[in-house]
Amino acid sequence: MNTLEANENCEINLSENAKKVLEKRYLKRDIQGNVTETPKELFERVAYTIADADKTFGTDENEINDTKKKFFDMIANAYFMPNSPTLMNAGRELGQLSACFVLPVEDSLEGIFETIKNTALIHKSGGGTGFSFSRLRPKNDVVHSTMGVSSGPVSFMEVFNAATEAVKQGGTRRGANMGILRIDHPDILEFINCKSDLTKLNNFNISVAITDKFMEALQRDEDYELIHPNTKQPVAKLKAKKIFDMIVKGAWSSGEPGVIFIDKMNKDNPTPLIGDIESTNPCGEVPLLSYEACNLGSINLSKMVEVDSNGNNVINWDKLAEITRLAIHFLDNVIVANNYPLPKIADMVQANKKIGLGVMGWADMLMKMGVSYNSEEGCALGRKVMEFIDYHSKVESIELAKKRGKFGNFAGSVYDRCNYLSEKYKGKSAGMITDDMWAELDKEIANHGIRNATTTCIAPTGTISMIAGASGGVEPLFGLVFKRNIMDNTEMYEVNPNFKDYAIEHGFYSEELMAEIAKTGSVAHINGIDEKVKEIFVTAHDISPKSHVMMQAAFQLHTDNAVSKTVNFEEDATIEDVAEAYILAYKNNLKGITVYRNNSRFSQPMLLEGKKEEKTSEAKETKAEHKELKVEKTEIDENGVEIKTVVCPECGNSIKMAEGCFICLNCGYSGCS
């Protein structure tokens, strides 16, 4: 069934917010800074550039033209959006289309500074970077070549941080970094505390790489061993519970460190003979080998819901299958069209051809279907949708392999053995794909291979979901109604369109009600609202941490890479609450978890700014470092609830913690991209 019109003359319906985001961040400008491109021209530029990559494989011109139209229609209708660098740079001189990269950090001064140089080149091209510092010898270890002593991983992270500060990403923004250290590294205590002062390492997200052995020691309340990264010998023991409590307290205090479950990532490493997974991209959803890049895109699930002949909202599975397969074709072409910042990256990406197709608009889909995010029914639908996307992504990747060849490191990969998919998913059907269907794919792979070492990944969607008019990633909504400040300092209410349509249809919409909801963004505590409405239209802080984790687990089951998501906690959540979420995440096979307790990141800067009598240079420095993200005002509503507004440095509207990053819901500003 062909649901795409392949019509390049289709009308492009963008919200005013989408137009504003495109103008600010994506459209071409002349040397004076004037916008010289329309949204339609941007979509054409991207679609045509990526479709032209088919020429590499001898595709005839008529077929390429048809693909150009389909790619354009898919993007212009907001069925799918590629990651931001592809939207920005496809068909332009820079031509760097990847979102993020992982680089190795070798245990030598030469290796470290070679990586810093390569990091600068990547940030200049608009990409983010992930590093594991676990290979570096610990602090005070003897350096035999000089008979000096090592300063340790954290000191070198500060050098990377300073270099990032000096090189503005894409010429305008600081680059984002992920810093990772294994739980069994001798310097793990210093690493866990390295961001307790929020003025330090401000260009890094940090995560601890937790091993299965550590989690087993934690469960038994035992010690675990610290291992020297060079000798691989134990050098000390620590109480697992003590270290776990330190990690949890840090996350409770400021959202960092995050954790990745490194053994679970390596269990799903598709090319184990090429190397071990040591690090991820800055938001944690793409485990990558050294010199790999992530080429990502997301399907807008909101657009996959249609009204059937009985007037009910249903998922158009045929349309979802078609968009999935077309998106995989698009992303494989991105690999070909990409201008990589380093030859080693080009070689590794071409050898593994990893891509990551994810989703946005998940909260929108649930609302349209009348299903609560905070329910087992919601999780079951998530498993069903992601299983379907995963299956059809593999179908298309196999078809591409028939025409273009399998990925270069296929030999020795997980796919180079019998029945990989059918064994992985045996007895785990969510209702759409049977064991026999996976077995048939295994036969196809045995005969033809598969084009891409990975096909699925749930990435942050930030600004691309704003362009698409969709909710972000697999996150719930952060508010049903927002109060926005517009140009002449007047205020207006922006109402989620799904909620507005429902409220009008059911006769309870009013401007007065919207103003009341805007105080918290939620209907949970509004008197007179039907309980069914409160169940369907839940927001992030209406949802229990357990339900956040279980929804992430629902999507992780059929995601090759990982799932970017934030588990939100209320401000009064306890350290024990956060610990329970970490344990639950591990038991449910998540590859990592990011938590954020409301207002925790801003409590220290707000306190410092309030102490007018402090005139020390240290206090001034702290204020200067926090000029980008600050609490503009604190209000007490009529129920005695304290409401803090954290403002965006670019547009002055609210910032939320979502998908592992701070994101402005108005202009798309993010600390991570």
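Whatever comes next refers back to the structure up there.
A.B. asks: Outline the overall build of the chain, listing residues and values.
C.D. replies: For the chain, the helix and strand inventory stands at 24 helices and 27 strands. Taken over 673 residues, the chain has a buried fraction of 56%. For the chain, the proportion of contacts with a sequence separation of at least 24, taken over those separated by at least 6, is 72%. As presented, the chain carries roughly 27800 Å² of accessible surface, and 48% of it is formed by carbon and sulfur atoms.

A.B. asks: I'd love a proper account of the pairing of strand 23 (residues 592-597), names of residues and values included.
C.D. replies: The element strand 23 is extensively covered by neighbouring structure, given that six of its six residues are classed as buried. As defined by bridge partners, strand 12 (residues 258-261) adjoins strand 23 across two bridges and the pair is classed as antiparallel. Opposite Val 259, over in strand 23, you have Ile 593 as the bridge partner. Sheet topology places strand 22 (residues 566-569) next to strand 23; four bridges connect them, and they run parallel. What sits directly across from Phe 569, in strand 23, is Arg 597. One crossover worth recording links strand 22 to the parallel strand 23 by way of helix 22 (residues 575-587), and it is right-handed.

A.B. asks: Summarise the packing of helix 14 (residues 376-404) against helix 16 (residues 435-448); cite the residues concerned and give the values.
C.D. replies: Interaxial distance between helix 14 and helix 16 falls to 10 Å at its minimum, and their mutual angle equals 20 degrees. Here helix 14 lies roughly parallel to helix 16, going by the angle between them. The handedness of the crossing between helix 14 and helix 16 is left-handed. Here Glu 387, Asp 390, Tyr 391, Lys 394, Val 395, Ile 398, Glu 399, Ala 401 and Lys 402 of helix 14 lie close against helix 16, whose contacting residues are Met 437, Trp 438, Leu 441, Glu 444, Ile 445 and His 448. Along the lines of polarity and charge, the residues of the contact of helix 14 with helix 16 split into eight nonpolar, one polar and six charged.

A.B. asks: Got a sec to walk through helix 9 (residues 240-254)? Specific residues and values, please.
C.D. replies: If you check helix 9, its first and last C-alpha atoms are 21 Å apart, about what 15 residues at 1.5 Å a residue would give, namely 21 Å. Positive phi appears at Gly 255, one or two residues downstream of helix 9, with a value of about 85 degrees.

A.B. asks: Describe the sheet that holds strand 22, naming the residues involved and giving the relevant values.
C.D. replies: The mixed open sheet is built from eight strands, whose spatial order is 15-2-3-8-9-12-23-22. Every interior strand has two partners, whereas the edge strands, strand 15 (293-294) and strand 22, have only one. Packed onto the sheet, helix 5 (residues 109-125) meets strand 2 (100-102), strand 3 (128-132) and strand 8 (177-182) and runs at close to 155 degrees relative to strand 3. Running over the sheet, helix 6 (residues 153-166) touches strand 3, strand 8 and strand 9 (204-210) and is turned about 150 degrees from strand 9.

A.B. asks: Hey, could you go over the pattern of salt bridges for me, with residue numbers and the actual values?
C.D. replies: Counted by the stated rule, this structure contains 31 salt bridges. Linking Lys 117 and Glu 114 is a salt bridge whose minimum nitrogen-to-oxygen distance equals 3.4 Å. Within this pair, Lys 117 and its partner Glu 114 are both found in helix 5, separated by three residues, close to a single helical turn. The partly exposed category is assigned to Lys 117, whose relative accessible area is 45%.

A.B. asks: An account of the packing of aromatic side chains is needed here, citing residue identities and associated values.
C.D. replies: As enumerated under the stated definition, the model contains 20 aromatic pairs in all. Consider the rings of Phe 131 and Phe 204, whose centres lie 6.3 Å apart with planes at 50 degrees: the pair is tilted. A residue pair is termed long-range when its members are at least 10 positions apart, and Phe 131 in strand 3 and Phe 204 in strand 9 qualify at 73 residues. Its relative accessible area of 0% is what places Phe 131 among the buried residues. A relative accessible area of 2% places Phe 204 in the buried class. For the pair Trp 362 and Phe 555, a centre-to-centre distance of 5.0 Å together with 80 degrees between the ring planes defines the contact as edge-to-face. Linking Trp 362 in helix 13 (residues 362-369) with Phe 555 in helix 21 (residues 545-556), this pair joins segments that are 193 residues apart in sequence. An identical accessibility class is assigned to Trp 362 and Phe 555; each is buried. Across the ring face of Tyr 586, the terminal group of Lys 264 is positioned such that the distance to the ring centre comes to 4.4 Å. In this structure, Arg 597 packs its charged tip against the face of Trp 252, placed 3.9 Å from the ring centre.

A.B. asks: Residues and numbers for unusual backbone geometry, please.
C.D. replies: In this structure, the amide linkage connecting Glu 256 to the following residue, Pro 257, adopts the cis form with an omega of 5 degrees. Among the secondary structure elements, Pro 257 is positioned in the loop between helix 9 and strand 12. A positive phi angle is found at Asn 140, which is not glycine, with a value near 70 degrees. Of note, Asn 140 is situated in the loop between strand 3 and strand 4 (142-143). Owing to a relative accessible area of 55%, Asn 140 belongs among the exposed residues under this scheme.

A.B. asks: Quick rundown of a nonpolar patch on the surface? Include the residues and the values.
C.D. replies: Taken together, the side chains of Leu 109, Phe 113 and Val 159 define a hydrophobic patch exposed on the protein surface, amounting to about 260 Å² of accessible area. Considering the arrangement of structural elements, one finds Leu 109 in helix 5. A relative accessible area of 52% places Leu 109 in the exposed class.

A.B. asks: Outline the sheet that holds strand 16 (residues 296-300), listing residues and values.
C.D. replies: Strands pair in a sheet through their backbones, by hydrogen bonds, and they do so in one of two ways: parallel or antiparallel. The three strands are arranged 1-16-19 in an open sheet whose pairing can be described as mixed. Looking along the sheet, the strands with just one partner apiece sit at the ends: strand 1 (80-82) and strand 19 (356-360). On average, adjacent strands in this sheet sit at an angle of 25 degrees to one another, irrespective of strand direction. As judged from the five bridges shared by strand 16 and strand 19, these two strands associate in the parallel manner. When the bridges of strand 19 are listed, Gly 297 appears paired with Leu 357.

A.B. asks: Quick one: what's the story with the nonpolar core, residue by residue and with numbers?
C.D. replies: By size, the foremost hydrophobic cluster in this structure holds 145 residues, and its most contacted members are Ile 188, Tyr 224, Phe 330, Ile 345, Trp 362 and Tyr 582. Beyond its immediate sequence surroundings of up to four residues, Phe 330 is in contact with Val 46, Ile 50, Phe 71, Met 74, Ile 75, Phe 80, Pro 82 and Thr 86. With 18 residues, the next largest nonpolar core counts Val 495, Ala 518, Ile 529 and Val 533 among its residues.

A.B. asks: An account of a negative patch on the surface is requested, with residue identities and associated values reported.
C.D. replies: Together, Glu 570, Asp 572, Glu 576, Asp 577 and Glu 580 make up a negatively charged patch on the protein surface. Structurally, Asp 577 can be placed in helix 22. Judged by relative accessible area, which is 30%, Asp 577 ranks as partly exposed.

A.B. asks: Any chance you could break down the side chain of Thr 211 for me, citing the residues and the numbers?
C.D. replies: For Thr 211, the location among the structural elements is in the loop between strand 9 and helix 8 (212-219). A polar atom in the side chain of Thr 211 sits 3.1 Å from the backbone nitrogen of Phe 214. Contact partners of Thr 211, with chain neighbours within four places excluded, come to Arg 182, Ile 183, Asp 184, Ile 262 and Asp 263.

A.B. asks: Give a detailed account of helix 12 (residues 343-352), specifying residues and quantitative values.
C.D. replies: Listed in full, the buried residues belonging to helix 12 are Ile 345, Met 348, Val 349, Ala 351 and Asn 352. Angularly, the buried residues of helix 12 cover 160 degrees about the axis, an arc narrow enough to put them on a single face. For helix 12, the exposed residues set more than 90 degrees away from the buried face come down to Pro 343 and Asp 347. Residues of helix 12 that are buried in the fold lie against strand 2, helix 5, strand 15 and helix 11 (317-337). Just downstream of helix 12, Lys 353 is the residue with a positive phi angle, here 50 degrees.

Thresholds, definitions, all that
Residues numbered from 1 in each chain as written. Predicted model: local features only at pLDDT ≥ 70, side-chain atom pairs only at ≥ 80, totals over all residues. Heavy atoms only, no water. Helix = DSSP H or I, 4+ residues; strand = E, 2+ residues; numbered from the N terminus. Buried < 20%, exposed > 50% of the residue type's maximum accessible area, 1.4 Å probe, protein only. Contact = heavy atoms within 4.5 Å. Areas by Shrake-Rupley, 256 points an atom, 1.4 Å probe, with all protein chains shown as cover. Pairing = 2+ DSSP bridges. Right-handed = clockwise from strand over helix to strand, strands pointing away. Axes fitted to C-alpha atoms, helices over the stretch in contact; angles between N-to-C directions. Parallel < 35°, antiparallel > 145°, perpendicular 65-115°, else oblique. Left-handed = near helix turned anticlockwise from the far one by under 90°. Nonpolar A, V, L, I, M, F, W, Y, C, P; charged D, E, K, R; others polar. Expected span 1.5 Å × (residues − 1). Salt bridge = Lys/Arg side-chain N within 4 Å of Asp/Glu carboxyl O. Phe/Tyr/Trp six-rings, centres within 6.5 Å; stacked < 30°, edge-to-face > 60°. Lys NZ or Arg CZ within 6 Å of the ring centre and 35° of its normal. Patch = residues over 30% accessible without salt bridge, like charges linked within 9 Å, V, L, I, M, F, W, Y side chains within 5 Å. Core = buried A, V, L, I, M, F, W, Y, C linked by side-chain atoms within 4.5 Å. Lys, Arg positive; Asp, Glu negative; His and termini not counted. Charge placed at Lys NZ, Arg CZ, Asp CG, Glu CD. Polar contact = N/O pair within 3.5 Å; in protein donor to acceptor, adjacent residues only side chain to side chain. Arc of directions from axis to C-beta.

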